[in-house]
Amino acid sequence: MIEPHAPAPPGAPPAWTGPARLPVRPGTGRFLVLVCVFVCAACGLVYELQLVAFASYLIGDSVTQASVVLSVMVFAMGIGSLGAKRLRWHAAAGFGAVESALALIGGCSAMLLYAVFAWTAGWGGMWADGPRWLLVAFSLAIGLLIGAEVPLLMELIQRIRRQDAGGAVADLFAADYVGALVGGLAFPFLLLPFLGQSTGALLTGTVNVVAGGALVLGLFRRDLTRRARWALLLAGLTVLGVLASAAVLADDFERAARHALYGTDVRVAVRTDVQEVVLAGGTHGRPLDLFLDGRLRVAGRDAHRYHEALVGPALTGPHARVLILGGGDGLAAREVLRHRGVRRVDIVELDPGLLRLARRDPGLSAANGHALADPRVRVTTADALAWLRRARGPAYDVVIADLPDPGITASTKLYSQEFYGLARRVLAGDGRLAVHAGPVTTRPRAFWTVAATLRTAGFATSPYRIPGPGRSAGAPRSPRSPRDWGFLLAAPGNTPPALRLGPGHPGALTQEELTAGARAAERTRVAGVPVSTLMHPRY
């Protein structure tokens, strides 16, 4: 709790001896301080959310990263609040300095994190966890500065007119919490979709430094020495200059960072309502790479191998009616339509922006063979789990789960027992379910947990894999691409489906891997628990 009447330490300057000399009436002054509290709280929450968003986008495992960012920031806010006690005797100057530092660090944090990840993520060695440590450092610094705001603002509002501690805290925290609400809503609905993360953070920093500077230099200027006024003015103008320069260069910076991450052949980079979609190549004979939220989804000349391995084994039996869950790029549908006897293909995709690109982008539509225009294909824009809950069956001979990697926390509901139980409900008795379950080599426990979850949902499984992008042909391979692709072919009942792989797909797992996988699956004891509990990077 804040104690505005705590006695000064021995030898310290005396506390305020009278009300502040304001250029406005005290009531107006208190209102302006509360407006500043509102604005600073909104900016502070935007800084927190953009750190969480960048962490989950660039590093993955959003639950872990959000927990780290928020816990570190809350801890740092407490330390910052304690440290602000030493600034209470110079509350106006201290608050102005804190806001300038917070605007600079918070406003530039998005670009700096993106730059470090784009240009140094592949260094390895001692810097392998560099982006994570930088994330923690930004969380700590921003938390310290946000924590220092409240005691200083409390001192300033009491400086205008003394009030009982409970009433002052209530007024201050009411403005603070309402501002946090506005900032929390503005980030996903305004800043992120219309400005992007980098420019949105820069704009937030600009608002932050202007609000703090206007309060101190406008309302409490008589409490500052001439030197302090000039120092704060120069600091604020410097921060504004840095933020404005960064905003002017933001487009060029993001373009260069994308080239560093995805190569120099980037053609399309758009943020849909669901994710960021980046297309590289795909025209004039160049191989197409598709990245979804920074993760390689379609890997150039290896894309056909992935979709052949996902679709081919499932379509060796009856396949007149096929359901594709995910697969908004149209590549799985292209592979399905190559098989004779397919009469209907239903696609359930969450992202309408990806579907538009699959239909209209020349590179992606050529890669999928214009499959979405085939009269046998019907596309529904919906969440796959919600769609399955409404579906009635059995209606399909084959269900293909072409979904994000199970290592992404947001997708773990699509690898749960409930999800597979609903998929079994729409599957014919002799039907098959094909699941992409992530890499076997680098994340074996997650892979085998998916297998165990399928068994708890009443499926028997046959696991297989193929080498990851660039590995079969000796082509250069990005450090961000998987070492292999792991799949599970499942059928209702207790008998694993026969696994038939085409030439060039030596996908059968060794007996050692099968034994180790059986042991790992036994240890998980999923019993309906989604695999999100096993998505920590240590696995």
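The shown structure was predicted, so the numbers you read here are calculated from the model rather than taken from an experiment.

Across its full length, the chain holds 14 helices and 11 strands. For the chain, with 539 residues in total, the buried portion stands at 52%. Across the chain, contacts joining residues at least 24 apart in sequence account for 75% of those joining residues at least 6 apart. Taken as a whole, the chain presents about 23700 Å² of accessible surface, with 61% of it coming from carbon and sulfur.

Another point: the packing of helix H4 (residues 130-160) against helix H5 (residues 165-219). Each packed pair of helices is defined by two parameters, the angle between the axes and the distance between the axes. The geometry of H4 relative to H5 is characterised by a closest axis approach of 3 Å and an angle of 135° between their N-to-C directions. When the axis of H4 is compared with that of H5, the two are oblique. As for how H4 packs across H5, the hand of that crossing is right-handed. Across from Val150, Leu153, Met154, Leu156, Gln158 and Ile160 in H4, the residues of H5 making contact are Ala168, Val169, Leu172, Phe173, Leu215 and Leu219. Per-class residue counts for the contact of H4 with H5 are 11 nonpolar, 1 polar and no charged.

For sheets, the rule is that strands pair by backbone hydrogen bonds, running either parallel or antiparallel. Overall, mixed pairing links the 7 strands, which are arranged E7-E6-E5-E8-E9-E11-E10 in an open sheet. A single partner strand is all that each edge strand has here, and the edge strands are strand E7 (377-381) and strand E10 (459-467). Within this sheet the neighbouring strands show an average axis-to-axis angle of 15°, counted without direction. In this sheet, strand E11 (residues 484-492) lies alongside strand E9 (residues 427-438) in antiparallel orientation, the contact comprising 5 bridges. Bridge pairing in E11 links Val435 to Leu488. Helix-sheet contacts for helix H13 (residues 444-456) involve E9, E10 and E11, and the interaxial angle to E10 is about 155°.

This part is about the environment of Leu219. Topologically, Leu219 is positioned in helix H5. In sequence terms Leu219 and Val24 are 195 residues apart; their C-alpha atoms lie 7.8 Å from each other.

Another aspect to go through is the packing of aromatic side chains. Scanning all chains against the criterion turns up 9 aromatic pairs. When the ring of Phe419 is compared with that of Tyr420, the centres are 5.7 Å apart and the planes differ by 70°; the resulting orientation is edge-to-face. Taking the centre distance of 5.1 Å and the plane angle of 90° together, the rings of Phe447 and Trp448 count as edge-to-face. Both residues of the pair, Phe447 and Trp448, belong to the buried class. An aromatic cluster is defined as three or more aromatic residues linked by ring pairs; in this entry it consists of Phe54, Tyr114, Trp119 and Phe253.

Another point: the sheet that holds strand E2 (residues 276-280). The strand order across the open sheet built from 4 strands is E1-E2-E3-E4, with neighbouring strands paired in antiparallel fashion. Strands with a single pairing partner mark the edges of an open sheet, and in this sheet they are strand E1 (266-271) and strand E4 (295-299). Pairwise comparison of adjacent strand axes, ignoring direction, gives a mean angle of 15° for this sheet. Inspection of the sheet shows E1 paired to E2 by 5 bridges, in the antiparallel sense. Opposite Val270, over in E2, you have Val277 as the bridge partner.

This part covers the state of the cysteines. The full count for this structure, using the stated rule, is 0 disulfides. Cys43 forms no disulfide, and the closest cysteine sulfur to it belongs to Cys40, at a distance of 6.4 Å. Owing to a relative accessible area of 4%, Cys43 belongs among the buried residues under this scheme.

On to the side chain of Ser462. Mapped onto the secondary structure, Ser462 falls in strand E10. Reaching out from Ser462, the side chain makes a polar contact with the backbone oxygen of Pro497 at a distance of 2.7 Å. In this structure, Ser462 is in contact with Phe487, Leu488, Leu489, Pro496, Pro497 and Leu499, ignoring residues within four places of it in sequence.

As a further point, take helix H3 (residues 91-120). Taking 1.5 Å per residue as the helical rise, H3 with its 30 residues ought to reach 44 Å, and the 40 Å between its terminal C-alpha atoms agrees with that figure. The sharpest bend along H3 reaches about 45° and sits at Ser109. Most of H3 sits inside the fold, with 23 of its 30 residues counted as buried.

What follows covers the packing of H3 against H5. The geometry of H3 relative to H5 is characterised by a closest axis approach of 8 Å and an angle of 175° between their N-to-C directions. Looking at the two axes, H3 sits roughly antiparallel to H5. Residues Ala92, Phe95, Gly96, Glu99, Ser100, Leu102, Ala103, Gly106, Gly107, Ala110, Met111 and Tyr114 of H3 lie in contact with H5, whose contacting residues are Gln197, Ser198, Ala201, Leu202, Gly205, Asn208, Val209, Gly212, Leu215 and Val216. Tallied by class, residues from the contact of H3 with H5 come to 12 nonpolar, 9 polar and 1 charged.

Here we take up the pairing of strand E5 (residues 321-326). The element E5 is extensively covered by neighbouring structure, given that 5 of its 6 residues are classed as buried. Pairing of E5 with strand E6 (residues 344-349) involves 5 bridges; the strand directions are parallel. Within the sheet, the bridge partner assigned to Arg321 lies in E6 and is Arg344. As for the winding sense of the linkage, the β-α-β connection from E5 through helix H8 (residues 331-337) to E6 is right-handed.

This brings us to the environment of Gly107. Topologically, Gly107 is positioned in helix H3. Under the relative-accessibility criterion, Gly107 is labelled buried at 0%. Expressed as a C-alpha distance, the spacing of Gly107 and Ala246, which sit 139 residues apart in the sequence, is 9.5 Å. Dropping the residues within four chain positions of it, Gly107 is found in contact with Tyr47, Leu102, Ala201, Leu202, Gly205 and Leu243.

Now for the nonpolar core. Val33, Leu51, Phe95, Leu215 and Phe220 are the most contacted members of the largest nonpolar core, which has 67 residues in total. In terms of residue count, H3 provides more of this core than any other element does, 14 residues in total. Membership of the second largest hydrophobic core comes to 41 residues, among which are Val268, Leu288, Ala299 and Leu364.

Within the span of helix H9 (residues 352-360), buried status applies to Gly353, Leu354, Leu355, Leu357 and Ala358. Next to the buried residues of H9 lie E1, E2, strand E3 (289-292), E6, helix H10 (362-367) and E7. Regarding H9, its N-cap is Asp351, as a side-chain oxygen of that residue lies 2.9 Å from the backbone nitrogen of Gly353 further along.

About the cut-offs
Residues numbered from 1 in each chain as written. Predicted model: local features only at pLDDT ≥ 70, side-chain atom pairs only at ≥ 80, totals over all residues. Heavy atoms only, no water. Helix = DSSP H or I, 4+ residues; strand = E, 2+ residues; numbered from the N terminus. Buried < 20%, exposed > 50% of the residue type's maximum accessible area, 1.4 Å probe, protein only. Contact = heavy atoms within 4.5 Å. Areas by Shrake-Rupley, 256 points an atom, 1.4 Å probe, with all protein chains shown as cover. Axes fitted to C-alpha atoms, helices over the stretch in contact; angles between N-to-C directions. Parallel < 35°, antiparallel > 145°, perpendicular 65-115°, else oblique. Left-handed = near helix turned anticlockwise from the far one by under 90°. Nonpolar A, V, L, I, M, F, W, Y, C, P; charged D, E, K, R; others polar. Pairing = 2+ DSSP bridges. Phe/Tyr/Trp six-rings, centres within 6.5 Å; stacked < 30°, edge-to-face > 60°. Disulfide = S-S within 2.5 Å. Polar contact = N/O pair within 3.5 Å; in protein donor to acceptor, adjacent residues only side chain to side chain. Expected span 1.5 Å × (residues − 1). Bend = angle between axes of the 7 residues up to and from the residue. Right-handed = clockwise from strand over helix to strand, strands pointing away. Core = buried A, V, L, I, M, F, W, Y, C linked by side-chain atoms within 4.5 Å.

Read these as geometric descriptors, not functional statements.
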